[in-house]
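So you can see what is in the structure, the chains are spelled out below.
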Amino acid sequence: MAHVLVTGGAGYIGSHACKALKAAGYTPVTFDNLVTGWADAVKFGPFEQGDLLDRARLDEVFAKYQPVAVMHFAALSLVGESMELPGKYWRNNVVGSLTLIEAAAAAECKNFVFSSTCATYGDQDNVVLDEDCIQMPINSYAASKRAIEDILANFGQSDDINHVIFRYFNVAGADPQAEVGEFHRPETHLIPLVLDAIDGKRAALTIFGTDYDTPDGTCVRDYVHVCDLVDAHVLGLKWLEDGKGSRVFNLGTGSGFSVHEVVDTCHLVTGREVPMNIGPRRAGDATKLVSGSVRAAKELGWTPHRSTMETMVKDAWRWHQNGHYEK
């Protein structure tokens, strides 16, 4: 089976992508430095530990496996930290990605699927974002992702690196078979935070602001099931293999869920109360951010069929009760 190099394959989204790739007939090769990933999450193909800043190590892995494509998830992604330590994010995300792209070009690995973010659009509040919206990143994390998109465009012109870029917001849920799931230390995502509060792993969930201009006063965000998301990445790889050229796709439902709706669904699914505190608004939190995926539906044939809040919470809860990584 053809090898696909999956950077960040020991992380949340990357590990699910490896399972999807294996099911699609590829052999995923995980390349991860385990700073935020987990060796226990690598279950579907070979594991090569290394850092994106280490060109010699990348060259060694490309030579060993001769992958037909790169699927690039590896990145630091904490927005608050990115504003406090921008150099860390530009060095790891941008310089690391540049090193990876140069290594791929040198190895004649021409197909590249990149995990970007709708955060590159900035604070365009209360609109359904599409691929033609202007990009105005407002933090170092988003700016680093936008820079990588530009690098890929440049290498597309100079080295024929064909690339598919996916921009998306909130990823949720877990593998329905609970082989892999979401496990961050520290945890920053809403659904696992709610489940931690339900399970007594934290004292309470803090809701930041209940006075937004939404039906229930809490922020609205778009959520996509992680399995739907990685299915799109496999479709993106096949798009490139079919010679259809470089393309950008947003991935979302176009509607979104409020914080209270997420909390209420977690209560219904688990049958347990959610201990909560109400805190002040956080600086920079937009009222409503949603991403449409009309292009992905029309051109890739992608449908986020698992991306109902009930399904995402059920799958996350199944994993949450027994799933964890230790190394």
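Bear in mind the structure is a predicted one, so any value in this text is a computation, not a measurement.

(A) Representation of the side chain of R221 within the structure. Tracing the backbone through its elements, the reader meets R221 in strand β10 (residues 220-221). When sequence neighbours within four positions are dropped, the list of residues in contact with R221 reads N170, G256, F257, D285, A286, T287, K288 and L289.

(B) Highlighting the pattern of salt bridges. One pass over the full model with this rule turns up 19 salt bridges. With its nearest N and O atoms 2.9 Å apart, the salt bridge here joins R281 to D211. Remark: D211 occurs in the loop between β9 (205-208) and β10 and R281 occurs in the loop between β14 (276-279) and β15 (288-291); sequence separation between them is 70 residues. Taking the relative accessible area as the measure of exposure, D211 reaches 53% and is therefore exposed. Here the salt bridges do not stand alone but share partners, grouping E48, R57, E60 and K64 into one network.

(C) Seen up close, the sheet that holds strand β4 (residues 69-72). The 7 strands lie next to each other as β3-β2-β1-β4-β5-β7-β12, forming an open sheet whose pairing is parallel. On the outer flanks of this sheet lie β3 (47-49) and β12 (247-251), each paired with one strand and no other. Neighbour to neighbour, the strand axes of the sheet diverge by 20° on average, direction disregarded. In this structure, β4 lies alongside strand β5 (residues 111-115), joined through 4 bridges in parallel fashion. Along β5, the bridge assignment pairs V70 with F112. This element, helix α7 (residues 226-241), spans β1 (3-7), β4, β5, β7 (162-168) and β12 of the sheet and lies at about 160° to β7.

(D) Structural detail: the sheet that holds β15. Reading across the sheet, the 4 strands line up as β6-β15-β10-β13 and stay open at both edges, with mixed pairing between neighbours. Of all the strands in the sheet, just β6 (128-129) and β13 (257-258) have a single pairing partner and so form its edges. By the bridge criterion, 2 bridges tie β10 to β15 in an arrangement that is parallel. Considered in β15, the bridge of R221 is made with L289.

(E) Looking closely at the pairing of β7. Taken across its 7 residues, β7 has 6 buried, putting it largely inside the fold. Both β5 and β7 contribute to a ladder of 5 bridges, which runs parallel. In the strand pairing of β7, S115 is matched with F166. Summarising the sheet, β7 and β12 pair through 5 bridges and their orientation is parallel.

(F) Structural view of the environment of Y89. Mapped onto the elements of the fold, Y89 is located in helix α4 (residues 86-106). On the basis of relative accessibility, which here comes to 0%, the residue Y89 falls in the buried class. Counting along the chain gives 56 residues from Y89 to N33, while the straight-line C-alpha distance between them is 15 Å. Dropping the residues within four chain positions of it, Y89 is found in contact with L76, S77, L78, E81, S82, V94, Y141 and S144.

Definitions and limits used
Residues numbered from 1 in each chain as written. Predicted model: local features only at pLDDT ≥ 70, side-chain atom pairs only at ≥ 80, totals over all residues. Heavy atoms only, no water. Helix = DSSP H or I, 4+ residues; strand = E, 2+ residues; numbered from the N terminus. Contact = heavy atoms within 4.5 Å. Salt bridge = Lys/Arg side-chain N within 4 Å of Asp/Glu carboxyl O. Buried < 20%, exposed > 50% of the residue type's maximum accessible area, 1.4 Å probe, protein only. Pairing = 2+ DSSP bridges. Axes fitted to C-alpha atoms, helices over the stretch in contact; angles between N-to-C directions.

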